[in-house]
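Take a look at the letters that make up each chain.
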Amino acid sequence: MAVGPKQVYAIVLAAGISSRMGSPKQLLPFGEKTILQSVVDVLLSADLDGIVVVLGHRAEAVRESLAGRNVPFSLNSDYPKGMLSSVRSGISALPGSADAALIALADQPQIEAGVVSRVVSAYREGEKGIVIPTYRGRRGHPALLDLNRYRKEIAALSEDQGLKPVMRGHPEDTLELPEEDAGILRDLDTPEEYQAELERRQRKGS
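Residues numbered from 1 in each chain as written. Predicted model: local features only at pLDDT ≥ 70, side-chain atom pairs only at ≥ 80, totals over all residues. Heavy atoms only, no water.

> Help me understand the environment of G140 in this model?
The residue G140 is located in the loop between β8 (138-139) and β9 (143-146) in this model. The class of G140 is buried, set by a relative accessible area of 8%. Spatially, the C-alpha atom of G140 lies 9.5 Å from that of E179, the residues being 39 residues apart in sequence. The residues touching G140, leaving out its near neighbours within four places in the chain, are I132, P133, I184 and L185. (Helix = DSSP H or I, 4+ residues; strand = E, 2+ residues; numbered from the N terminus. Buried < 20%, exposed > 50% of the residue type's maximum accessible area, 1.4 Å probe, protein only. Contact = heavy atoms within 4.5 Å.)

> What is the right way to look at the pairing of strand β7 (residues 130-135) in this model?
Working note: regular strand, side chains alternate between the two faces of the sheet. β7 sits mainly inside the fold: 6 of its 6 residues count as buried. Alternating residues of β7 divide into I130, I132 and T134 and V131, P133 and Y135, and every residue in both groups is buried. As paired elements, β7 and strand β10 (residues 174-178) share 5 bridges and run parallel to each other. Paired with I130 across the two strands is T174, which belongs to β10. When β7 meets β8, the two strands line up antiparallel, connected through 2 bridges. Looking at the pairing, Y135 lines up with R138 of β8. Where β7 hands over to β8, the hairpin turn is made up of 2 residues, of which R136 adopts a positive phi near 50 degrees. (Pairing = 2+ DSSP bridges.)

In short, shape yes, function no, at least from these values alone.
What follows is the structure in structure tokens.
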């Protein structure tokens, strides 16, 4: 991984219970890999300074699924409280030199490295502290936050708010980056969404 003038680390949110899926979606197969392995491998191939995977539900099984990949972990004991607790857990595990965090979802195996690299490059080469990919005006993931500007604000948020007050609260400091792939909008919460993504992947590969 190349080190850029602004250091960007990905935080992979892999602590969730997957209640709507019925089983840990991080561990479900996606081609020859699991969903989470696919996400992590995309991030490893992108222009990042490092990756932290946040664990919670079924932490040991999720950790073991990434054996052989050089990624550190952060254990979020508060994971039942929701995504914001995992974001904070990931941020706390980053080195002090980290300028920004790229928030990546563990259930978006279809995200391409090019999307990740464009979001990171837009931050490194620009002045905005928040970079969010969009598809036809709709915001998706992975999204990036400058920690030098927003670390304290994230720490002060309440759990029921999530990250929305930060992500929506600074339009003057936000770059919305248009993408041509609707995959940035999709995550896999239900068996139906998972099956649909498997079918998309099969069609794409055929």
